[in-house]
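Fold and geometry: a report
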Amino acid sequence: MRINPILLKDGYKVGHKFQYPEGTSLVYSNLTPRKSRNGDVQEIVFFGLQYFIKEYLIREFNESFFSQPREQVLKQYARRMDNYLGKDSITYDHIAALHDLGYLPLEIKALPEGSLVPMRVPIFTIKNTIPEFFWLTNMLETILSAILWKPCTSATTAFQYLKTFTRYAKETVGNDLSFIPWQGHDFSFRGMSGVEDALISGAGHLLSFAGTDTIPAIDFLETYYNADAEKELIGGSVPATEHSVMCMGTQDDEIKTFERLISEVYPAGIVSIVSDTWDFWQVITEFLPALKSRILARNGKVVIRPDSGDPVKIIVGDKDAPVGSPAYKGAIECMWETFGGIITEQGYKLLDGHIGLIYGDSITTERQLAILEGLKQKGFASYNVVLGIGSYTYEYVTRDTFGFAMKATYGEVNGIGRDIFKDPKTDDGTKKSAKGLMQVYRNTITGKLEVKDQCTWEEEAQGELKTVFKDGKVVVDWTLAEIRERLKGMLEENENSTTQKAVSAGV
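Residues numbered from 1 in each chain as written. Predicted model: local features only at pLDDT ≥ 70, side-chain atom pairs only at ≥ 80, totals over all residues. Heavy atoms only, no water.

An unreviewed UniProt entry lists the chain under the name Nicotinamide phosphoribosyltransferase, with Chitinophaga rupis as the source organism. If you open the UniProt record of the chain and go to Pathway (unreviewed entry), you find "Cofactor biosynthesis; NAD(+) biosynthesis; nicotinamide D-ribonucleotide from 5-phospho-alpha-D-ribose 1-diphosphate and nicotinamide: step 1/1." (UniProt positions renumbered as here; feature names shortened; annotations may be inferred.)

What follows is the structure, encoded as structure tokens:
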């Protein structure tokens, strides 16, 4: 469905042009994560603005607004407003003037995408570059907010998974971190709120990981973030079954389905087989021992996929199950008893490379931590598992998860600047905004981004926010590789900071 982008706004935005004080010539706004509803996460990963700029500010406006006949655009806008607000309730001269101009007279200054941004620090600012189009700045608030909170939130969530996987890899495997990009696999596509939601979230996932079943997220990153699947690893997966495949093979012949898959259909390479269609523990304790020689003879890995139950108990073991039972031991311990493996340099058990496990149902960051810690306590390395991260993780969030909001903090009326702000007495402080022009800078001691408001234009220009879009054109064009490298640097800084704090505390 194609909608003229000039209509992509909340209804109350329509009249704001006429409500600003007479003589208004500049509106300066920002988008900021104001408050985390997760006590363990106080920084967001900034991602998605470049997509918004290329897709909406350039392609959508050029194709559906500026390149369309002037009369047609005005007629369409008038028709919608007349039916929405009442005939001739507002004038449309400002829309005609924008069409005549032929581009969006805006400047956006932003932090580099992939940056870790603390709460209450703006990720970008936006202002008009031609005085008579002051109304345009905040008209875009609706669509900016609607699009940007999700890729930032998903990229932030993926980064939390990445940090945990990295910590446990170093504790239980050693310095080889090459498997981590495959430990978090995006299974979310089918549960997301539409295709665009799946793409921007799936792309956010791929900043931290390479495993994905959201194929078009790869196209997204090639289209908007200068990635090239022929020159770099953007995302990938392996052959995998679903329940319909296993059911079609019938319950009585389930072991033959396993045998056919690993010997005939996929005689080499990695293959993931869903294994809870009927009796998961039968697969673990009967089928796998029976197929052991075939599995070990393959040039590749057979990955077992449980798909129901409590993932922590299935993988690590259930202390409430009968002692000595498969459920009591958990899948990894049972698989170790069958296949054995190696001892890592950190002294933990790692399954033979021909066999593995992936769990992708109802995984959360809390369950990830419980699984990896549970395995560690039993002497098993974190690399024994891959976790599928689905819509349970990526969709159980809102704009308020990190309190994203776009607010105006500075304006000019009759050539005189005004520091503007909101500070509701009935609020807990979350909605209190900064004032005036803003400079984002990096604290030389902590290395964290901070904000100084009520700046001069000279101070504002010296900050970390740099022009990425101006007057209808992209000024900075980030690549996926650059963003990943930046986030990797943030991960290393985070780890070093955590280590230093632990040393200081005598831990």
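So, on to unusual backbone geometry. Residue Asp-88 is not a glycine yet carries a positive backbone phi of 60°. As for its placement among the helices and strands, Asp-88 is situated in the loop between α2 (70-85) and α3 (93-101). Taking relative accessible area as the criterion, Asp-88 reaches 57% and is therefore assigned exposed. Phi is positive for Ser-362, which is not a glycine, with a value near 60°. (Helix = DSSP H or I, 4+ residues; strand = E, 2+ residues; numbered from the N terminus. Buried < 20%, exposed > 50% of the residue type's maximum accessible area, 1.4 Å probe, protein only.)

Within the secondary structure, Gly-184 is located in strand β6 (residues 184-186). Residues Gly-184 and Gly-360, 176 residues apart in the sequence, show an inter-C-alpha distance of 9.4 Å. Ignoring sequence-local partners within four residues, the contact set of Gly-184 consists of Phe-165, His-205, Phe-209, Gly-211, Leu-387 and Ile-389. (Contact = heavy atoms within 4.5 Å.)

Paired through backbone hydrogen bonds, the strands of a sheet run either parallel or antiparallel to each other. Overall, parallel pairing links the six strands, which are arranged β7-β6-β13-β12-β9-β8 in an open sheet. Each having just a single partner strand, β7 (211-212) and β8 (271-274) make up the two edges of the open sheet. As paired elements, strand β12 (residues 355-359) and strand β13 (residues 385-389) share three bridges and run parallel to each other. Directly across from Ile-358, in β13, lies its bridge partner Val-386. (Pairing = 2+ DSSP bridges.)

Attention now goes to the nonpolar core. Ranked by size, the top nonpolar core spans 139 residues in total, and within it Leu-49, Phe-124, Phe-220, Leu-221 and Ile-315 carry the most contacts. If we ignore the near neighbours within four places in the chain, the residues touching Leu-221 are Phe-47, Ala-203, Leu-206, Asn-226, Ala-227, Ile-234 and Leu-480. Residues Tyr-28, Tyr-410, Met-438 and Cys-455 belong to the second largest nonpolar core, which totals six residues. (Core = buried A, V, L, I, M, F, W, Y, C linked by side-chain atoms within 4.5 Å.)

Moving on to the layout of surface pockets. One simple way to see leftover space: roll a probe sized like a water molecule over the atoms. The volume enclosed by the largest pocket comes to roughly 1,200 Å³. Lining the largest pocket are 46 residues, with His-185, Phe-187, Ser-272, Arg-305 and Ile-358 positioned closest to its centre. Of all the secondary structure elements, the ones that give two or more residues to the lining of the largest pocket are β6, β9 (302-305), β10 (341-343), β11 (349-351), β12, β13 and α17 (391-394). Of the residues forming the lining of the largest pocket, the biggest block, four residues, is contributed by β12. Tallied by class, residues from the lining of the largest pocket come to 19 nonpolar, 18 polar and nine charged. In this model, the second largest pocket occupies a volume close to 970 Å³. Along the walls of the second largest pocket sit 29 residues, with Asp-40, Gln-160, Tyr-161, Lys-163 and Thr-164 positioned nearest its centre. Breaking the lining of the second largest pocket down by element, the ones donating at least two residues are α5 (141-172), α16 (365-377), α17 and α19 (480-504). The element that contributes the greatest number of residues to the lining of the second largest pocket is α5, accounting for ten residues. Of the residues in the lining of the second largest pocket, the class split is seven nonpolar, 14 polar and eight charged. (1 Å grid on protein atoms, 1.4 Å probe; cavity = no way out; pocket = protein on both sides within 12 Å on 5 of 7 lines; lining within 4 Å. Points joined across faces, edges and corners; volume = space filled by probe spheres on them. Nonpolar A, V, L, I, M, F, W, Y, C, P; charged D, E, K, R; others polar.)

The next thing to look at is α16. Relative to the 18 Å expected for 13 residues at 1.5 Å per residue, α16 spans 18 Å between its end C-alpha atoms, a close match to the ideal helical length. Of the positions making up α16, those classed as buried are Gln-368, Ile-371, Leu-372, Gly-374 and Leu-375. Viewed end-on, α16 has its buried residues packed into an arc of 160°, placing them on one side of the element. Exposed and facing more than 90 degrees away from the buried side of α16 are Glu-366 and Gln-377. Just downstream of α16, Gly-379 is the residue with a positive phi angle, here 90°. (Expected span 1.5 Å × (residues − 1). Arc of directions from axis to C-beta.)

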